[in-house]
Amino acid sequence: MQLTETSSGTANAAGTARTDPAGRAIYILNGPNLNLLGVREPHLYGSTTLAQVEQLCQRVAAELGFGCEFRQTNHEGVMVDWVQEARESAAAIVINPAGLSFRSIPLLDALKTVDQPIAEVHVTNIHQRDPLYQKSLVSLVATGVICGFGPFGYELALRAVAQRVTAARST
């Protein structure tokens, strides 16, 4: 079993991770086959690679004053483990569950335990896809859903959850 995981913290000029005052990063979790972004069905998903998406997320998270924990897996149980980890240590979650969106009860149940903001992201507009891809279980628990804006959706999601975390801090 091979897992693909990339994990990044964004450093400031002093070399220390820039995170919210509680010391937490935004977790960006990517599901099955997203390691093939830019190669798999480019007519649907475009030519941007997951590595390029990660660079975008690192830059935006740093700009917003957060660390960035960026990961991808092709395995449902690993995704559930990461959600449970994020529940304990993340400021927020941005998740592109990919194929896990539509049938993963274990992922849904894990996300139900999260109190932090959750942004669900899809590169394509799932509501314009085949019926199989139109009803995401993750949407039932997500704070918000962004779909159809390509990789830019990740930036929108980061900005949205960061705004929620910042607003909660000031209350």
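The sections below set out a description of the structure shown in this document. All figures in this text were calculated on a predicted structure; none of them were measured in a lab.

**So, empty space enclosed by the protein**
Unoccupied space between atoms shows up once a probe the size of one water molecule is rolled over them. Counted according to the given criterion, the structure contains 1 cavity of 30 Å³ or more. For the largest cavity, the calculated volume is near 40 Å³. Looking at the lining of the largest cavity residue by residue, the class counts come to 4 nonpolar, 2 polar and 1 charged.

**Some points on the sheet that holds strand β4 (residues 118-122)**
The strand order across the open sheet built from 5 strands is β2-β1-β3-β4-β5, with neighbouring strands paired in parallel fashion. Each edge of the open sheet carries a strand with a single partner, namely β2 (67-72) and β5 (144-147). Taking the axes of each pair of neighbouring strands and ignoring which way they run, one obtains an average angle of 15° across the sheet. Bridge analysis of strand β1 (residues 25-30) against strand β3 (residues 92-96) gives 5 bridges, and the strand direction is parallel.

**As for the pairing of β3**
Burial of β3 is extensive: 5 of the 5 residues sit out of reach of the surface. Side-chain alternation along β3 places Ala 92, Val 94 and Asn 96 on one buried face and Ile 93 and Ile 95 on a second face that is also buried. Bridge count between β3 and β4: 3 bridges; the pairing is parallel. When the bridges of β4 are listed, Ile 93 appears paired with Ile 118. One crossover worth recording links β3 to the parallel β4 by way of helix α4 (residues 105-112), and it is right-handed.

**What to know about unusual backbone geometry**
Note: most residues except glycine have negative phi, and most peptide bonds are trans. Residue Glu 41 is not a glycine yet carries a positive backbone phi of 45°. Here Glu 41 shows up in the loop between β1 and α1 (42-45). With phi around 50°, Ala 98 is a residue other than glycine that occupies positive phi space. Positionally, Ala 98 belongs in the loop between β3 and α4.

Conventions we followed
Residues numbered from 1 in each chain as written. Predicted model: local features only at pLDDT ≥ 70, side-chain atom pairs only at ≥ 80, totals over all residues. Heavy atoms only, no water. 1 Å grid on protein atoms, 1.4 Å probe; cavity = no way out; pocket = protein on both sides within 12 Å on 5 of 7 lines; lining within 4 Å. Points joined across faces, edges and corners; volume = space filled by probe spheres on them. Nonpolar A, V, L, I, M, F, W, Y, C, P; charged D, E, K, R; others polar. Pairing = 2+ DSSP bridges. Helix = DSSP H or I, 4+ residues; strand = E, 2+ residues; numbered from the N terminus. Axes fitted to C-alpha atoms, helices over the stretch in contact; angles between N-to-C directions. Buried < 20%, exposed > 50% of the residue type's maximum accessible area, 1.4 Å probe, protein only. Right-handed = clockwise from strand over helix to strand, strands pointing away.

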